[in-house]
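Structural overview for review
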Amino acid sequence: MSDRFETHEHDVLVVGAGGAGLRAAIEALGQGASVGVVSKSLLGKAHTVMAEGGIAAAMANVDSADGWKPHFRDTMRGGKMLNNWRMAQLHAQEAPERVKELEQWGALFDRTEDGRILQRAFGGHTFRRLCHVGDRTGLEMIRTLQDRGVHMGFDVYMECTIVRLLTDGERCAGALAYWRETGRFVVFKAKSVVMATGGIGKAWPITSNSWEYTGDGMALAYEAGAELMDMEFVQFHPTGMVWPPGVQGILVTEAVRGEGGILRNKNGERFMERYDPKRMELSTRDVVARSIYTEVKEGRGTEHGGAYLDISHKPAEYVKKKLPSMYHQFKELADVDITKGAMEVGPTLHYMMGGIRVEAETAQSSLPGLFAAGEAAAGLHGANRLGGNSLSDLLVFGRRAGLAAAQHAKETPAPNLDEGQITSGESEALSAFQRQGGENPYAVHRDLQKVMQNLVGIFRIREDMEKALVELAKLKERAAHTSIEGSRMFNPGWHMSIELKSMLTVSEAVTRSALMREESRGAHSRIDFPELSPEWGTKNSIIWRDGSAMGLRQDKLAEMPAELKQVLAEDK
Amino acid sequence: MAEALLKVFRGNKDGGQSVEFKVPVAPGMVVLDALHYIQGHLAPDLAVRWNCKAGKCGSCSAEVNGRPRLTCKTRMDSLPQNEPITVIPLKTFPVIKDLVTDVSWNYKVNKKIPPFTPKPGASWKFYQDDVDRVQEFRKCIECFLCQNVCHVLRDHDKYDQFGGPRFFVRVAGLDMHPMDGVSRTKLLKNDLGIGLCNITKCCTEVCPEDIHITDNAIIPLKERVVDEFYDPVLWIVREIRGARET
Ligand SMILES: Cc1cc2nc3c(=O)[nH]c(=O)nc-3n(C[C@H](O)[C@H](O)[C@H](O)COP(=O)(O)OP(=O)(O)OC[C@H]3O[C@@H](n4cnc5c(N)ncnc54)[C@H](O)[C@@H]3O)c2cc1C
Ligand code: SF4
Ligand code: SF4
Ligand code: FES
């Protein structure tokens, strides 16, 4: 034991206390493993708490024709067939069971007339499928999981940030972290590590994501030798707030459209008629986001550069009951009463489809002992995620990751920790303290956001992305020369100096993958390659660390078995 | 562009002072935006908690011009113009640094509350009417503003004997769950000290989720306690109410 840092040992270390991490921890505990859960924020504050619209599961409580097959079909079609079909199948099959389980752990969903869980319509879902609690589904989910885990007895390390994964030869052996409060280091020794760290939205300025979404999990896994997949698929949610400036990017839940909200341009036209007359407002997110963007670009945007979203034709009481937090959000932050008038909305960076490459059944990454689930993992959503499919993803694959991580821990001896990795991790984390007169890390962050927004946004083109790579290289240089003031105690400037590195890694991965994929598919739209390419439709983009460079290749998708092809062919 | 003057507490458990910052004001800006501006341009080491910036996570609580608020929902234009805006950490919890306080005590209290435990043979069929009432309590975002204003904690430091309004809400959310099958009444009386609450309603006034903490959670829970034990405050309230209502 060193006096530089404390050490904790667990069978399973879960990084992240959102839905995926908590569900993984619960499952691993159930297997008898000793489990530690680490999170950057306080318990209960992860992104999952903000989820609004609902959780997709083919329970068929409202539309009796629903079942795993239609859910599978919708997910694959929404993902433009780039999804890992096995994950999409498991997800559709297991989600209803996971939701019921959540109910039995105490979650209280809105009810149908006959006393079952109520389900609402959402973009890209053929049937009414989203189990919900008004527009605060994520809060109900995280409290339920949190409470269950706490009482089952996991150890929680909150406000503790992982800065490096430790390896023992070819396996993951634990992680190095610091306490936000004191700035002191902590070493976790673990037989299995589950990455459930969420997404990367903070690399863009207009985003629904919080400060936590700096892509740490993906960047750390990459550094440790795991592969990343399909990093070009970054979801812009069509409806973020656009006015006033301070709230730009804050999410307006898709449930507004699910409950009947209508999109119009400044001329009052219901423009979705031109882009997707069949599904209209409830088309998939990639389509709606591009439609709004195009309306604005062609001069038909609202005063503040968005579209109008209107739900005021519904009875005021209904709106307040089904969308209470939207009602308050607009009233308090934008002086708009949504029961009387329209909201102004525009695209906001929301979700990362790509991430750590995992095996479908076990959620194991390409690095033995390292697992990943939730937004940090890739595969389920393909080129575009359907609303509601994330919360169900967290439960289905969180559980699978926890199970496999506990199993792996049973089968493997304790790893050895390498003092050298710890020391170099510490000195790298502290480097900004050693420098003087350098730039403020926040300034570098702002410029990174500009680069990603302007050059790797909704519509992409080769020249822009090549320029982005040049800019990213410069930003990397600047990030390596930032300096900070103050002490190690709760110092956000210092934290930013470390998180910048993760953001730069994932930004580069997004840009390189996007440059490589010469087609438009789902959330990835190339102006210079506007069509779907059958050739690219058979390939995943893979990123890995090749020494100090970023390796890039294409891997062929596995062949779909005949029975699933059959399911896709059976349309309704 | 207009400017605002913020006086922000800077310090730690050993003390500190308020420091002035000038921040440009944009339309619709909230206090948290101003704090972010300070972090981004003037004092990168300013410690602040936040996550959602939309009133959903309960991270960004502080006392703004003396009132406990979510800084992400406090509009700058709702505060008196041309006067400095003071921002200090929640008073009831020990300061860690700047606006960040040590709220770990709350997590300890929560751990004492028996989790949801389904009734044996629960059918899982229940109706919106059964959940409407209890869903109110489950809206709680754990901002701890109610804990911060409750005098039992704030002025009398009864951390060992009292759970605080947040956890009365929590217990109400579990106890009134239509499928829950355990009683937390004894816990309310003994460990959470609900008898110490004298229904001042300060907690209800600050709740950003508009939970009627006193009327809908605390009083009914007190009733339950009285049915099993005795609560002098409730006795008086019942007397007054009874007198008024009849
Ligand atoms: C406003 C909003 C509304 C949404 N609505 C819906 C919806 O209605 N339906 C739906 O299906 N999806 C929705 N989503 C998406 C969904 O909420 C997220 O994708 C999902 O919650 C992610 O869960 P997670 O468990 O993967 O990660 P999170 O819940 O984000 O948790 C990540 C965890 O990792 C921790 N962490 C990260 N980095 C580190 C590190 N370096 N060290 C230690 N810990 C770390 C964080 O502290 C956090 O605890 C919404 C998202 C947003 C932003
Ligand atoms: S009503 Fe009770 S719990 Fe609420 S602030 Fe007053 S004394 Fe505290
Ligand atoms: S009851 Fe209200 S004030 Fe208290 S913690 Fe919950 S949301 Fe905050
Ligand atoms: S930042 Fe989430 S409530 Fe203010």
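All of these numbers come straight from a predicted model, not from anything done at the bench.

A separate point is the overall build of chain A. Counting its secondary structure elements, chain A contains 16 helices and 20 strands. Along the three orthogonal principal directions, the C-alpha set of chain A runs to about 65 × 50 × 50 Å. Counting the 572 residues in chain A, one finds 67% classified as buried. For chain A, the proportion of contacts with a sequence separation of at least 24, taken over those separated by at least 6, is 74%. Working note: accessible area of chain A is about 18600 Å², and carbon and sulfur atoms make up 50% of it. For chain A, the centre of its 69 positive side-chain charges and the centre of its 76 negative side-chain charges are spaced 2 Å apart.

Per the secondary structure count, chain B includes 10 helices and 7 strands. The dimensions of chain B, computed from C-alpha atoms along their principal axes, are 60 × 40 × 40 Å. Out of the 246 residues belonging to chain B, those deemed buried represent 58%. Long-range contacts, defined as pairs at least 24 residues apart, comprise 62% of the intrachain contacts of chain B with a sequence gap of at least 6. In chain B, which carries 34 positive and 31 negative side-chain charges, the distance between the mean positions of the two groups comes to 3 Å.

A separate point is the site of ligand 2. All names here are of chain B. Around ligand 2 lies a shell formed by C150, H151, P165, C197, N198, I199, T200, K201, C202, C203, T214 and I218. Looking at the shell around ligand 2, the elements that each hand over two or more residues are α8 (202–206) and α9 (213–228). Looking at the shell around ligand 2 residue by residue, the classes come out as 7 nonpolar, 4 polar and 1 charged.

What follows covers the domain arrangement of chain B. All names here are of chain B. You can read the domains of chain B as domain 1 (3–101) and domain 2 (104–233). Relative to domain 2, the C-alpha centre of domain 1 lies at a distance of 29 Å. Counting across the interface, domain 1 meets domain 2 through 1 salt bridge. The salt bridge involving R154 is made with E63; its shortest N-O contact spans 2.9 Å. At the surface where domain 1 touches domain 2, the tally comes to 6 residue pairs in polar contact (both at pLDDT 80 or more). Where the side of domain 1 that touches domain 2 is concerned, the elements lending two or more residues are β3 (61–64) and β4 (67–70). When residues in the side of domain 1 that touches domain 2 are grouped by element, the largest group, 3 residues, is from β4. Residue composition of the side of domain 1 that touches domain 2, grouped by class: 5 nonpolar, 4 polar and 5 charged.

All names here are of chain A. Considering the arrangement of structural elements, one finds S365 in the loop between β15 (355–356) and β16 (370–372). Taking the relative accessible area as the measure of exposure, S365 reaches 4% and is therefore buried. Looking at S365, its side chain comes within polar contact range of the main-chain nitrogen of L367, at 3.0 Å. Among all residues touching S365, those that are not within four sequence positions of it are A226, I356, R357, V358, L370 and F371.

Residues and elements named next belong to chain A. Taken together, 40 residues surround ligand 1, and among them T48, G53, E212, Y213 and E375 come closest. H47 is positioned such that a nitrogen or oxygen atom in its backbone is 3.5 Å from an oxygen atom of ligand 1. Protein chains shield 98% of the accessible area of ligand 1, which is 990 Å² for the free molecule. Broken down by secondary-structure element, the contributors of at least two residues to the shell around ligand 1 are α1 (19–30), β2 (35–39), β7 (160–168), β14 (343–352) and α11 (389–411). Among the elements that line the shell around ligand 1, the one with the most residues is α11, at 4 residues. A per-class count over the shell around ligand 1 returns 15 nonpolar, 19 polar and 6 charged.

Summarising burial for helix α6 (residues 165–175) of chain B: 11 of the 11 residues are buried, a large majority. Within α6(B), burial applies to P165(B), R166(B), F167(B), F168(B), V169(B), R170(B), V171(B), A172(B), G173(B), L174(B) and D175(B).

Before going further, it helps to examine the interface of chain B and chain A. Every contact between the two is made by 57 residues of chain B and, on the other side, 63 residues of chain A. Carbon and sulfur atoms supply 53% of the area that chain B and chain A bury against each other, a total of about 4900 Å² over both sides. Taken together, the connections running from chain B to chain A amount to 7 salt bridges. The partner of E140(A) in a salt bridge is R138(B), and the shortest N-O contact between them spans 2.7 Å.

What counts and how
- Residues numbered from 1 in each chain as written.
- Chains lettered and ligands numbered in written order.
- Predicted model: local features only at pLDDT ≥ 70, side-chain atom pairs only at ≥ 80, totals over all residues.
- Heavy atoms only, no water.
- Helix = DSSP H or I, 4+ residues; strand = E, 2+ residues; numbered from the N terminus.
- Buried < 20%, exposed > 50% of the residue type's maximum accessible area, 1.4 Å probe, protein only.
- Contact = heavy atoms within 4.5 Å.
- Areas by Shrake-Rupley, 256 points an atom, 1.4 Å probe, with all protein chains shown as cover.
- Lys, Arg positive; Asp, Glu negative; His and termini not counted.
- Charge placed at Lys NZ, Arg CZ, Asp CG, Glu CD.
- Near = heavy atom within 4 Å.
- Nonpolar A, V, L, I, M, F, W, Y, C, P; charged D, E, K, R; others polar.
- Domains from an automatic or database assignment.
- Salt bridge = Lys/Arg side-chain N within 4 Å of Asp/Glu carboxyl O.
- Polar contact = N/O pair within 3.5 Å; in protein donor to acceptor, adjacent residues only side chain to side chain.
- Buried area = accessible area lost by both parts, 1.4 Å probe.

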